Amino acid sequence: MTTPSGRPDLSPAPADERLENLRRSYEQQVAEKARRTVRVAAYVLASSVAERRADQELIEAHVCTLGWKLALTSFWDFGQAPSITERAGFAEASRYAVQGFAHGIVAIGQPAITTDNAVYEELLHFLGTRGVFLTFLPASD
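Student: Looking at this structure, how should I read the overall build of the chain?
Tutor: Within the chain one finds 4 helices and 5 strands. Secondary structure of the chain in N-to-C order comes out as α-β-α-β-β-α-β-α-β. Burial status across the chain gives 42% buried among its 141 residues. Looking at the chain alone, contacts between residues at least 24 apart form 69% of all its contacts between residues at least 6 apart. Accessible area of the chain: about 8,100 Å², with a carbon and sulfur share of 52%.

Student: Explain the packing of aromatic side chains to me, please; I cannot follow it from the model alone.
Tutor: Here the distance between the centres and the angle between the planes together describe a pair of aromatic rings. For the structure shown, the criterion picks out 5 aromatic pairs. Aromatic ring contacts, followed pair by pair, group F75, Y96 and F101 into a single cluster. Across from the ring centre of W76, 4.0 Å away, lies the NZ or CZ of R52, which sits over that ring.

Student: Before we go on, may I ask you to explain the pattern of salt bridges in this structure?
Tutor: Between side chains of opposite charge, a pair can form when the charged atoms approach closely. Throughout the structure, instances matching the rule amount to 4 salt bridges. Residues E20 and R24 are paired through a salt bridge, measuring 2.9 Å at the closest nitrogen-oxygen approach. Pair noted here: E20 and R24 are both in helix 1 (residues 15–33), with a separation of 4 residues, about one helical turn. Of the residues examined, E20 reaches a relative accessible area of 24% and is grouped as partly exposed. A single salt-bridge network, built from bridges that share partners, covers E20, R23, R24 and E27.

Student: How should the side chain of R87 be read in this particular structure?
Tutor: One can find R87 in the loop between strand 3 (75–78) and helix 3 (88–101). Within the buried core, R87 has no salt-bridge partner, and the shortest N-O distance to an opposite charge, that of D77, equals 4.9 Å. Engagement of the side chain of R87 in a polar contact is seen with the backbone oxygen of A112, the distance being 2.6 Å.

Student: What is the right way to read a nonpolar patch on the surface from this model?
Tutor: Taken together, the side chains of V49, W76 and F78 define a hydrophobic patch exposed on the protein surface, amounting to about 260 Å² of accessible area. Structurally, W76 can be placed in strand 3. Its relative accessible area of 34% is what places W76 among the partly exposed residues.

Student: How should the pairing of strand 3 be read in this particular structure?
Tutor: Along any regular strand, the residues point their side chains to alternate faces of the sheet. Covered by surrounding structure in strand 3 are F75 and D77 only, the residues W76 and F78 on the alternate face being uncovered. Where strand 1 (residues 39–46) and strand 3 come together, 4 bridges link them in parallel fashion. Bridging from a neighbouring strand, A46 pairs with F78 of strand 3.

Student: Help me out: how do you make sense of helix 4 (residues 117–128) in this one?
Tutor: For an α-helix, 3.6 residues make a turn, and residues three or four places apart therefore share a direction. If you check helix 4, its first and last C-alpha atoms are 16 Å apart, about what 12 residues at 1.5 Å a residue would give, namely 16 Å. At the N-terminal end of helix 4, a side-chain oxygen is found 2.9 Å from the backbone nitrogen of A118, two or three residues along, and the residue is D116.

Student: Looking at this structure, I do not really get the nonpolar core. What am I missing?
Tutor: Buried together is how nonpolar side chains tend to be arranged in soluble globular proteins. Counting 25 residues, the largest nonpolar core has Y43, F90, I105, I113, L127 and L134 as the members making the most contacts within it. If you list the elements that add at least two residues to this core, you get helix 1, strand 1, helix 3, strand 4 (104–107), helix 4 and strand 5 (133–136). Of all hydrophobic cores here, the second largest spans 13 residues; its members include V38, A46, W68 and V106.

Student: Sorry if this is basic, but what is going on with helix 2 (residues 49–66) here?
Tutor: With 18 residues, helix 2 ought to run about 26 Å at 1.5 Å a step, and its terminal C-alpha atoms sit 26 Å apart, in line with that. Listed as buried for helix 2 are R52, D55, Q56, I59, H62 and V63. One side of helix 2 carries all its buried residues, which in axial view fall inside an arc of 130°. Along helix 2, exposed side chains directed more than 90 degrees from the buried face belong to A50, R53, E57, C64 and T65. Each element contacted by the buried residues of helix 2 is listed here: strand 1, strand 2 (69–70), strand 3, strand 4 and strand 5.

Conventions we followed
- Residues numbered from 1 in each chain as written.
- Predicted model: local features only at pLDDT ≥ 70, side-chain atom pairs only at ≥ 80, totals over all residues.
- Heavy atoms only, no water.
- Helix = DSSP H or I, 4+ residues; strand = E, 2+ residues; numbered from the N terminus.
- Buried < 20%, exposed > 50% of the residue type's maximum accessible area, 1.4 Å probe, protein only.
- Contact = heavy atoms within 4.5 Å.
- Areas by Shrake-Rupley, 256 points an atom, 1.4 Å probe, with all protein chains shown as cover.
- Phe/Tyr/Trp six-rings, centres within 6.5 Å; stacked < 30°, edge-to-face > 60°.
- Lys NZ or Arg CZ within 6 Å of the ring centre and 35° of its normal.
- Salt bridge = Lys/Arg side-chain N within 4 Å of Asp/Glu carboxyl O.
- Lys, Arg positive; Asp, Glu negative; His and termini not counted.
- Polar contact = N/O pair within 3.5 Å; in protein donor to acceptor, adjacent residues only side chain to side chain.
- Patch = residues over 30% accessible without salt bridge, like charges linked within 9 Å, V, L, I, M, F, W, Y side chains within 5 Å.
- Pairing = 2+ DSSP bridges.
- Expected span 1.5 Å × (residues − 1).
- Core = buried A, V, L, I, M, F, W, Y, C linked by side-chain atoms within 4.5 Å.
- Arc of directions from axis to C-beta.

Encoded structure:
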């Protein structure tokens, strides 16, 4: 939902719910503006090559179910999750999308990006105001 000014609605809600609504709002706005099929770049944070490949396959399958296209370039970082500002792979994925090669970035889940809600919100706004969304695979039950 958006406010009359066009910014996503930031009305009070529990932090996780509010941030998920904000993320979805940017995703919806960007997807609606896409003149052709939505194209996303995959981003993986993995501890091994095998894990990176497995996550990449899960992302690809999910993107296909949505009718979106996966960008030809994918991005990753290896090891334990350093600060998002210290990850070359995520920085490259962001630049790639902001330059117009993708409408969004898809990762396995929010922890692959950050577990810090303030940093996550800042990142959503940074990407969203540049016409890029961040999305994740649905949580498995």
